[in-house]
Amino acid sequence: MLNNLKALLNNLFKKERVIHNLELVQDFIVISLCIGLFSVMLLRLGDMFFSLMHLHKSQQIISDILFILIMVELFRLLVIYLREHRISLGAAVEVAIVSALREVILYGILEIQLKQIIGVCSFLIVLGVLLLIRLVISRLSKTDSSENDPKSSMEEVIL
């Protein structure tokens, strides 16, 4: 009886088992976030269509469209996480760029102080550099793998 209890406790607290259970809980949280995000997207889309009928300010309509695009990108980021269990740097940077541009459009470029404009511009430059670095690294890794694998270099020529 005591040996069975020890075996059960050892089996429950094995490192791989604990990690697997934590990943399942994490996946459940991400799925819940996806469902909530999708619901909010549908609600905002409905609100946007009703505001189009009443001809509100075009600035508000553009802001709503950009907000929905941000939510779509966040949804895509969560789906990538569920598939691959990693965060896509490209998708995260794209969300940040659209979010920054939405804020500028929402407040209007003429109403924002110079310090904030400089901050947003430097933020966008850093995000652009991150995208360029990601692009260069991905191309270098493809070049390295194709040099080691003659079949993949032939596939690139064919494609």
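Computed from a predicted structure; not experimentally measured.

Definitions and limits used
Residues numbered from 1 in each chain as written. Predicted model: local features only at pLDDT ≥ 70, side-chain atom pairs only at ≥ 80, totals over all residues. Heavy atoms only, no water. Axes fitted to C-alpha atoms, helices over the stretch in contact; angles between N-to-C directions. Helix = DSSP H or I, 4+ residues; strand = E, 2+ residues; numbered from the N terminus. Parallel < 35°, antiparallel > 145°, perpendicular 65-115°, else oblique. Left-handed = near helix turned anticlockwise from the far one by under 90°. Nonpolar A, V, L, I, M, F, W, Y, C, P; charged D, E, K, R; others polar. Patch = residues over 30% accessible without salt bridge, like charges linked within 9 Å, V, L, I, M, F, W, Y side chains within 5 Å. Areas by Shrake-Rupley, 256 points an atom, 1.4 Å probe, with all protein chains shown as cover. Salt bridge = Lys/Arg side-chain N within 4 Å of Asp/Glu carboxyl O. Buried < 20%, exposed > 50% of the residue type's maximum accessible area, 1.4 Å probe, protein only.

Q: Help me out: how do you make sense of the packing of helix 2 (residues 15-53) against helix 3 (residues 58-84) in this one?
A: Packed helix pairs are specified by the crossing angle of their axes together with the interaxial distance, meaning the distance between the axes. Running from N to C, helix 2 and helix 3 point in directions that differ by 160°, and their axes come no closer than 10 Å. One way to sum up the angle between helix 2 and helix 3 is to call them roughly antiparallel. Crossing of helix 2 over helix 3 shows left-handed handedness. Split into classes, the residues belonging to the contact of helix 2 with helix 3 amount to 22 nonpolar, two polar and three charged.

Q: I tried to follow a nonpolar patch on the surface on my own but got confused; where do I start?
A: Where nonpolar side chains cluster on the molecular surface, the patch consists of Phe-38, Leu-42, Leu-45, Phe-49 and Leu-52 and spans about 440 Å² of accessible area. Tracing the chain through its elements places Phe-38 in helix 2.

Q: I keep staring at the pattern of salt bridges and nothing clicks. Help me out?
A: Two side chains of opposite charge can pair, provided their charged atoms sit close to one another. Applying the stated criterion across every chain, the model contains five salt bridges. The salt bridge partner of Asp-64 is Arg-44, with a shortest N-O separation of 2.9 Å. In this pair, Asp-64 sits in helix 3 while Arg-44 sits in helix 2, placing the two residues 20 residues apart along the sequence. Under the relative-accessibility criterion, Asp-64 is labelled buried at 8%. Residue classification places Arg-44 among the partly exposed residues on the basis of a relative accessible area of 25%. Close ionic contact of Glu-94 with Arg-76 constitutes a salt bridge, the shortest N to O distance being 2.7 Å.

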